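The primary structure of each chain is shown beneath.
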Amino acid sequence: MKKEIKITESEWSVMEILWDTDFATIGDIKKALADTNWSDSTIKTLVRRLVVKKAIAINTDEAVFRYYPLISQRDCQKKETKSFINRVYDGSVSMLVANLATESNLSESERKELLELIEKMEKG
């Protein structure tokens, strides 16, 4: 059985860089995270944790190590969504949708899209 990878909010920032670029050096990652004001050691720690979790790997074929994602953004989004629904809505998707529909400022096109998704689900 494959162990589920849990990615923290900070680690998610590193993953987004790698999903956008496919391969990145530690310098590329630091540059992309410059606005966070995180220290070099913090960024290196985040990268190291992701390697240990097997969320990313290192290409050591060149003189400069390049990091790349082992898991897709879509897979992570699905896991995060499921975790959020279970944690906040006790697993109830209908409660989530009801809350979105009544409490958020959905545009007309977003409402239409949501209704279309619901109709597709009902049709199977």
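Computed from a predicted model, the values in this text were never measured in an experiment.

The next thing to look at is the nonpolar core. Residues Ile7, Val14, Met15 and Ile29 are the most contacted members of the largest nonpolar core, which totals 20 residues. Contributing elements (two or more residues each) for this core: α1 (9-21) and α3 (40-52). Considering each element in turn, this core owes the most residues, six residues, to α1.

We now examine helix α6 (residues 108-123). Over its 16 residues, α6 runs 23 Å from end to end, which matches the ideal 22 Å to within 8%, given 1.5 Å per residue. One or two steps after α6, the chain reaches Gly124, where phi turns positive at roughly 90°.

Here strand β1 (residues 56-59) runs beside strand β2 (residues 66-69); their pairing, made up of four bridges, is antiparallel. Directly across from Ile56, in β2, lies its bridge partner Pro69.

This model, assessed by the stated rule, comprises three aromatic pairs. Ring geometry for Trp12 versus Trp19: centroids 5.3 Å apart, planes at 75°, classification edge-to-face. You'll find Trp12 and Trp19 in the same group, each marked buried.

Looking at the element boundaries, Thr25 is found in the loop between α1 and α2 (26-32). Exposure remark for Thr25: the relative accessible area of 11% places this residue in the buried category. Beyond its immediate sequence surroundings of up to four residues, Thr25 is in contact with Val64, Phe65, Arg66 and Tyr67.

Parameters at a glance
Residues numbered from 1 in each chain as written. Predicted model: local features only at pLDDT ≥ 70, side-chain atom pairs only at ≥ 80, totals over all residues. Heavy atoms only, no water. Core = buried A, V, L, I, M, F, W, Y, C linked by side-chain atoms within 4.5 Å. Buried < 20%, exposed > 50% of the residue type's maximum accessible area, 1.4 Å probe, protein only. Helix = DSSP H or I, 4+ residues; strand = E, 2+ residues; numbered from the N terminus. Expected span 1.5 Å × (residues − 1). Pairing = 2+ DSSP bridges. Phe/Tyr/Trp six-rings, centres within 6.5 Å; stacked < 30°, edge-to-face > 60°. Contact = heavy atoms within 4.5 Å.

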